[in-house]
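Here is how the chains run, residue by residue.
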Amino acid sequence: MQWFDCHAEFGRRVVPNPIQCPTAGALAQLLGAIGVGQALVTHAAHYEQHPAVGNARVIAETREYPSLAPTWAILPPHTEEMGTVDAFLSAMAAAGVRALWAYPEKHRYLLDMTTLGPLIDALIPRRVPLFVKVEGERWQPIADLLRDAPGLRLVCVTTALWGDDRFFRPLLARYPDLLLATSTLFVEGQLPPLVERYGAHRLLYGSSFPDRQPGASLLPLLHCGLPEAAIAAIAGGNLRLLLAEARI
Amino acid sequence: MSRMTPLVEAFLAQGKLAACPIYDLHTHPDRFAGIYFPAPDVDGILRTMDRCGVAKIAIAPHAALLAPVEGNDLTFAMLAAHPDRFLGYLVFNPHYPETLDALLARSLETPGIVGFKIHPAMHDYPLTGAAYQPLFAWANTHRQLVLAHTWADPRCDAVACRTIAEQYPAMLFLLGHSCWGDFPRAIALAAALPNVYLELTAAEHVPGFIEQAVRGAGAEKLIFGTDLPWFNPHYTLGCVLFADIEDADRHAILHGNAERILEVL
């Protein structure tokens, strides 16, 4: 299986996690030790220090590790902390970044088109995926964003211990460009019906490391009873395609 | 360094392993209003067990937690139907103390009942409250299991657990969720008192917890649990398999400790 983790982090957190990886090399080694060959990665500085710092560090520190694909964090264009939208997209292209993260709660902005419109309007035709963590059960901002930007490729990483099917299934049904990371889809029997109803292409394998045990979400996918092609797509094929389709 | 020990590789390849049968001592079959579960009924639970190599589970169905008088009937029915796969906890709701005597009597005469499940948070009643004490005294006399929901919550945190565990030293006390959020004190408690065990449901998701618990309390004090159907047993199993511990520890957590405890009941 060619695993490609859609959500793993390296870097030192302000409050250290017991098994965090301080460097890109440590993360590459850890993922390799559990059989995961590639990962789309963030740096702790993305959300704890400042996106501009994290974006620079993730590029510099993954340079020697081709198995780690860097992502960048966004901020609302209106404050121009990340430059103009055009300048930001040009810098992304130059750095080889093909996916973005939004941290609206941590960075204190609204995840909506009033706030992010100029940037999201540029991401939609370029098919650049935007990742966002759904804090607790706060799905309303996700629903609002998708209502106003239905063509956005949005990847949601859930965080709640309680299953969120009643929140996300209606959104999966309405918005074909909404995807979910599997890292916290750990309700028993949750994956197969999602694939049967919405398609394997809507799910991306993720570990959510270091917030979750790095290998915990391997077995639920490998032995969920889905056809091998669907498992391979979720394990890594979908993410490879998603990144390849991003036109930056 | 690779974490692919022979045990881990075998589980990854097959999804289950006859040489390592799993005993899950914390499950809640049945529907639940707050979550959509695809297959929480008896047939679904059995299919899950077969897929994941789970030999036996100890059940406290949601009905038993939420229907104070008649809810345990589902437990009896499930035990009668599948005595080879299910063990059972009876649920005691301390707001209905008049139900306790009948439950205690039935527990001893019903094959497969291994003890009681209590939920101080859901029932909003402290572990140290008076209504629980007759149950604990009985468990102490009969050396029975009590699985308590425990959390970083004054009603059921490690301080409250220590009070009860010291007062009833022969009661086999499973700290459900290992006092989630109050881990250091829960680990210290399990290390100090022979009758206290750390049950892993949800706690094992927290990176580093299993390693800390094994080093602090010993692998022989950790009990595998999933809240099934809340958590996919394969996810929980993955937490144990990929923790930085030895295969002997994994065997103890996944089945050895439960087998040892169930033998003495």
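Up top you'll find the structure we're talking about.
Within any chain, residue numbers begin from 1 and follow the written order of that chain's sequence. Both sets of labels track the order of writing: A upward for chains, 1 upward for ligands. Given that the model is predicted, a residue must reach a pLDDT of at least 70 before its local features are reported, and side-chain atom pairs must reach 80 or more before they are shown or counted; all residues, however, enter totals for whole chains, interfaces and linings. Just so you know, side-chain values use all the structure's heavy atoms and leave hydrogens and water out.

A. How the structure looks around the environment of Pro154 of chain B. Starting at the N terminus, helices and strands are each numbered in turn, a helix being any DSSP run of H or I of at least four residues and a strand any DSSP run of E of at least two. With respect to the secondary-structure elements, Pro154 of chain B resides in the loop between β5 (145–151) and α7 (158–167). Distance from Pro154 of chain B to Glu220 of chain B, taken between C-alpha atoms, is 27 Å for residues 66 residues apart in sequence.

B. Fine view of α7 of chain B. Residues and elements named next belong to chain B. Burial classes: relative accessible area under 20% of the type maximum marks a residue as buried, over 50% as exposed, and values in between as partly exposed (1.4 Å probe, protein chains only). Inspection of α7 places Ala158, Ala160, Cys161, Ile164 and Ala165 among the buried residues, and these make up the whole buried set. For α7, the arc enclosing every buried residue in end-on projection is 155 degrees, short of the 170-degree limit, so these residues lie on one face. Two residues form a contact once any of their heavy atoms are found within 4.5 Å. On its buried face, α7 sits against α6 (133–142), β5, β6 (172–180), α8 (183–192) and β7 (196–199). By the N-cap criterion, in which a side-chain oxygen at the helix start approaches the backbone nitrogen of a residue two or three places on, α7 is capped by Asp157, the distance to Val159 being 3.2 Å. For this quantity, the arc is that covered by the directions from the helix axis to the C-beta atoms. Polar contacts, as used here, are pairs of N or O atoms within 3.5 Å; protein pairs need one atom able to donate a hydrogen and one able to accept it. Residues neighboring in sequence count only if both atoms are side-chain atoms.

C. The arrangement of the sheet that holds strand β4 (residues 72–73) of chain A in detail. All names here are of chain A. At least two bridges found by DSSP between two strands are what make those strands a pair. Overall, parallel pairing links the 6 strands, which are arranged β4-β5-β6-β7-β8-β9 in an open sheet. Either end of the sheet is taken by a strand with one partner, and the two such strands are β4 and β9 (203–204). Sheet topology note: the strand β7 (residues 154–158)/strand β8 (residues 178–181) ladder contains 3 bridges and is parallel. For Cys156, the partnering residue across the bridge sits in β8 and is Leu180.

D. Broad picture of the packing of aromatic side chains. Any pair of Phe, Tyr and Trp rings, taking the six-membered ring for Trp, is counted once the centres come within 6.5 Å. Such a pair is stacked with planes under 30 degrees apart, edge-to-face with planes over 60 apart, and tilted for the rest. Counted by the stated rule, this structure contains 20 aromatic pairs over all chains. Seen in terms of ring centroids, Trp101 of chain A and Tyr103 of chain A are 5.5 Å apart; in terms of plane orientation they differ by 10 degrees. Their pairing is stacked. Here Trp180 of chain B and Phe183 of chain B contribute two aromatic rings whose centre-to-centre distance is 5.8 Å and whose plane-to-plane angle is 65 degrees, an arrangement assigned as edge-to-face. Judged by relative accessible area, which is 27%, Trp180 of chain B ranks as partly exposed. Counting every residue linked through ring pairs, the aromatic cluster contains Phe92, Tyr125, Tyr132, Phe136 and Tyr168 of chain B. Whether a charge sits over a ring comes down to the Lys NZ or Arg CZ being within 6 Å of the ring centre and within 35 degrees of the ring normal. Arg106 of chain B extends its terminal NZ or CZ atom over the ring of Phe76 of chain B, reaching a point 3.6 Å from the ring centre.

From the geometry alone we can't say anything about function, so treat these as descriptive.
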